[in-house]
Amino acid sequence: MRSVDDLITEGVSGRRVLLRADLNVPLDKTTRQITDDGRIRASLPTLQALREAGARVIVSAHLGRPKGAPDPQFSLAPVAARLGELLGTAVPLATDVAGDDARAKAGALGDGEVLLLENVRFEAAETSKDDAERGELADRFAALADVYVDDAFGAVHRKHASVYDVALRLPHYAGRLVAQELDVLRRLTSDPERPYVVVLGGSKVSDKLAVIEALLPKVDRLLVGGGMCFTFLAAQGHGVGKSLLEADQVDTCRRLLDEAGDRIVLPVDVVCAPEFSADAPTTTVGVDAIPDDQMGLDVGPRTVELFGRELGGALTVFWNGPMGVFELAPFQAGTRGVAGAVSHVEGLSVVGGGDSAAAVRQLGLDESAYGHISTGGGASLEYLEGRDLPGLAVLAD
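Our subject in this report is the structure included herewith. For every chain, the first residue of the written sequence is number 1, and numbering continues from 1 onward in sequence order. Under the rules for a predicted model, residues below a pLDDT of 70 receive no local features and side-chain atom pairs below 80 are neither given nor counted, while totals for whole chains, interfaces and linings still include all residues. Side-chain numbers come from the whole structure's heavy atoms, not from hydrogens or water.

A word on the overall build of the chain. We count a stretch as a helix when DSSP gives it H or I for four or more residues in a row; a strand needs E for two or more, and each element gets its number in order from the N terminus. Of the regular secondary structure elements, the chain holds 15 helices and 14 strands. Taking the principal axes of its C-alpha atoms as reference, the chain extends roughly 65 × 45 × 40 Å. Only protein chains enter the accessibility calculation, which uses a 1.4 Å probe; a residue whose area is less than 20% of its type maximum is buried, one above 50% is exposed, and one in between is partly exposed. Among the 397 residues that make up the chain, the fraction classed as buried is 56%. Whether two residues are in contact is decided by their heavy atoms: any pair within 4.5 Å suffices. In the chain, once contacts between residues fewer than 6 apart in sequence are set aside, the share between residues at least 24 apart is 72%. Separation of charge centres in the chain, based on 39 positive and 58 negative side chains, amounts to 2 Å. His is not counted here, nor are the chain ends, while Lys and Arg score as positive and Asp and Glu score as negative. Where a charge sits is defined by one atom per residue type, namely NZ (Lys), CZ (Arg), CG (Asp) or CD (Glu).

Structure representation (structure tokens):
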């Protein structure tokens with residue numbers, strides 16, 4: 001797999017580079033202000049390297065899930081503004097994805113200048129399952145540039161026009177973020193330093209079942225928190241009150257517990273409330289005493305201590321998913337405590353993207369305390385599951 005640094009060595013000054021970036025940042029629904037610019041900042045090393053080498057950079061990206069047509073609420077205009085602030089230069093936004101305005105603005109770029117194309121998902125062909133439809137859009141992307149660089153690791157599990165098909169049409173390279181993500185994930189899957197501890201949270205067991213099955217044979221401990229822990233607790237015979245429960249997964253969780261023995265570690269106490277609200281009264285109870293009229297919304301302090309002890313001697317840690325509803329103040333302590341324990345790991349500590357990365361930033365934790373904060377989300381999990389990722393396979397050609 002050739003890298004963007006190979007491209008720069010070959011010479012890229014004056015050449016037009018189509019750079020697929022992951023700029024899918026959260027926006028405030030009312031103000032449309034960016035609430036977490038982590039993914040934009042993660043794209044800067046590749047983008048800056050190309051600019052400094054004199055490339056004319058055309059950035060493609062998606063935002064949210066528009067329904068294959070232009071939709072102002074999903075415009076990349078706020079992203080263009082923030083990207084310009086971070087780069088210290090104007091970043092114009094094309095009014096279309098790969099149409100007349102994109103062609104005109106791409107043709108007018110000077111060396112070291114950057115253009116952002118409008119949300120690629122404004123074109124239904126981007127995500128089409130029809131190869132010909134995606135191919136037509138990829139042809140238009142390819143006409144904008146001389147070479148293609150994929151730095152959007154968070155999208156490499158998608159067979160989309162801007163991720164897969166355009167790489168079939170242009171000389172292609174992996175960006176620095178993609179290379180970094182791959183290096184870290186390989187360290188997690190190929191002979192990791194031990195003890196190797198994985199921390200999984202989030203809402204549903206069903207979302208993480210495949211990665212649990214793939215990782216269990218490889219880990220020394222699997223710590224389970226978040227909403228998904230209640231299905232495991234139910235499998236142990238505990239009542240979980242009104243907590244999130246996937247009844248159809250209880251038997252699966254029971255099998256996993258039987259197979260793993262003490263390698264799966266569950267919470268011993270939880271923070272409960274009668275309703276999902278920042279103002280609701282809370283109680284902390286043992287997992288064998290969850291009231292029928294209450295729901296568990298965070299792991300408790302004894303669980304934080306337990307998980308901290310398990311993490312204390314680890315040399316490799318992968319954390320994916322918050323321990324509770326960290327967006328609400330009464331239910332932040334579990335995620336904060338576990339995040340702190342992960343940050344003190346002496347070996348490799350990987351925060352697995354998505355809500356975990358958002359929690360680190362929202363809770364004001366020091367990002368530099370972690371070995372790697374992934375932007376991958378679902379792509380990281382699919383890699384750990386052992387799946388083939390189309391966006392990586394095409395770069396390897």
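Below, the discussion takes up the packing of helix 7 (residues 176–189) against helix 14 (residues 378–385). A fitted line through C-alpha atoms serves as each axis, taken over the contacting stretch for helices, and the angle formed by two N-to-C directions is quoted from 0 to 180°. Where helix 7 meets helix 14, the closest approach of the two axes is 10 Å, and the angle between their N-to-C directions is 40 degrees. As the angle between them shows, helix 7 and helix 14 are arranged oblique. In this structure, the crossing between helix 7 and helix 14 has a hand that is right-handed. Residue-level inspection shows E181, L182, L185, R186, L188 and T189 of helix 7 in contact with helix 14, the latter providing S380, Y383 and L384. Gly counts as polar in this scheme, as do all residues outside two lists: the nonpolar Ala, Val, Leu, Ile, Met, Phe, Trp, Tyr, Cys and Pro, and the charged Asp, Glu, Lys and Arg. Its residues assigned to classes, the contact of helix 7 with helix 14 shows 5 nonpolar, 2 polar and 2 charged. Orientation is classified from the angle alone, with under 35 degrees giving roughly parallel, over 145 giving roughly antiparallel, 65 to 115 giving roughly perpendicular, and any other angle giving oblique. The sense of a crossing depends on the near helix, which, turned anticlockwise from the far helix by less than a right angle, makes the crossing left-handed and, turned clockwise, makes it right-handed.

What follows is about the sheet that holds strand 6 (residues 196–200). Read from one edge to the other, the open sheet built from 6 strands follows the order 8-7-6-12-13-14, with strand pairing classed as parallel. Of all the strands in the sheet, just strand 8 (264–265) and strand 14 (372–373) have a single pairing partner and so form its edges. Between any two strands, pairing holds if DSSP finds at least two bridges. Relative to strand 14, strand 13 (residues 348–351) runs parallel, the two sharing 2 bridges. Bridge pairing in strand 14 links V351 to I373. The strands touched by helix 12 (residues 333–343) within the sheet are strand 6, strand 12 (316–320) and strand 13, with strand 12 carrying the most contacts at an inclination of about 155 degrees.

For the rest of this paragraph, the subject is the sheet that holds strand 11 (residues 295–299). With antiparallel pairing, 3 strands are arranged side by side in an open sheet as 10-9-11. Only two strands of the sheet have a single partner each, and these edge strands are strand 10 (283–286) and strand 11. Neighbour-to-neighbour, the strand axes of the sheet open up by a mean angle of 45 degrees, direction not taken into account. As judged from the 4 bridges shared by strand 9 (residues 269–273) and strand 11, these two strands associate in the antiparallel manner. Across the sheet, V270 pairs through a bridge with V299, a residue of strand 11.

Two rings from Phe, Tyr or Trp (for Trp, the six-membered ring) form a pair when their centres sit within 6.5 Å of each other. Planes less than 30 degrees apart are called stacked, planes more than 60 degrees apart edge-to-face, and all others tilted. The final tally for this structure, using the stated rule, is 0 aromatic pairs. Two thresholds decide whether a charge sits over a ring: the Lys NZ or Arg CZ must be within 6 Å of the ring centre and within 35 degrees of the ring normal. Sitting above the plane of the Y173 ring, R2 keeps its charged end 4.6 Å from the centroid.

Quick look at the pattern of salt bridges now. We define a salt bridge as a contact between a side-chain nitrogen of Lys or Arg and a carboxyl oxygen of Asp or Glu at a distance within 4 Å. Here the structure, examined in full by the defined rule, presents 25 salt bridges. Residue R82 is joined to D37 by a salt bridge in which the shortest nitrogen-to-oxygen separation is 2.8 Å. Taken together, the residues span a long stretch of sequence, with R82 in helix 4 (residues 77–87) and D37 in the loop between strand 1 (16–20) and helix 2 (38–42) at a distance of 45 residues. Taking relative accessible area as the criterion, R82 reaches 26% and is therefore assigned partly exposed. The salt bridge involving E382 is made with R387; its shortest N-O contact spans 3.5 Å. What emerges from the salt-bridge pattern is a single network uniting D36, D37, R41, R82, E85, R361 and E367.

One can describe the packing of helix 8 (residues 205–215) onto helix 14 by two numbers: an axis separation of 8 Å at closest approach and a directional angle of 40 degrees. For helix 8 against helix 14, the interelement crossing comes out left-handed. Where helix 8 approaches helix 14, its residues K208, A210, V211 and A214 are matched on the opposing element by L381, L384 and E385. Class assignment for the residues of the contact of helix 8 with helix 14 results in 5 nonpolar, no polar and 2 charged.

Before going further, it helps to spend a moment on helix 8. Turning to helix 8, its buried residues number three or more, namely V205, K208, L209, V211, I212, A214 and L215. Tucked into the core, helix 8 has its buried residues touching strand 6, strand 7 (221–224), helix 9 (229–235), helix 10 (250–260), strand 12 and helix 14.

Turning next to the environment of G364. Summarising the element assignment, G364 is placed in the loop between helix 13 (354–362) and strand 14. G364 sits 192 residues away from H172 along the chain, and the two C-alpha atoms are 37 Å apart.

As used in this record, nonpolar core signifies buried Ala, Val, Leu, Ile, Met, Phe, Trp, Tyr and Cys residues forming a set joined through side-chain atoms within 4.5 Å. Counting 77 residues, the largest nonpolar core has I58, L117, F141, L222, F232 and I264 as the members making the most contacts within it. If near-sequence neighbours (up to four positions away) are discounted, F141 is found in contact with L18, V97, A98, L117, V120, E126, S162 and V166. Formed by 28 residues, the second largest nonpolar core is a distinct cluster that contains L50, L63, V91 and V149.

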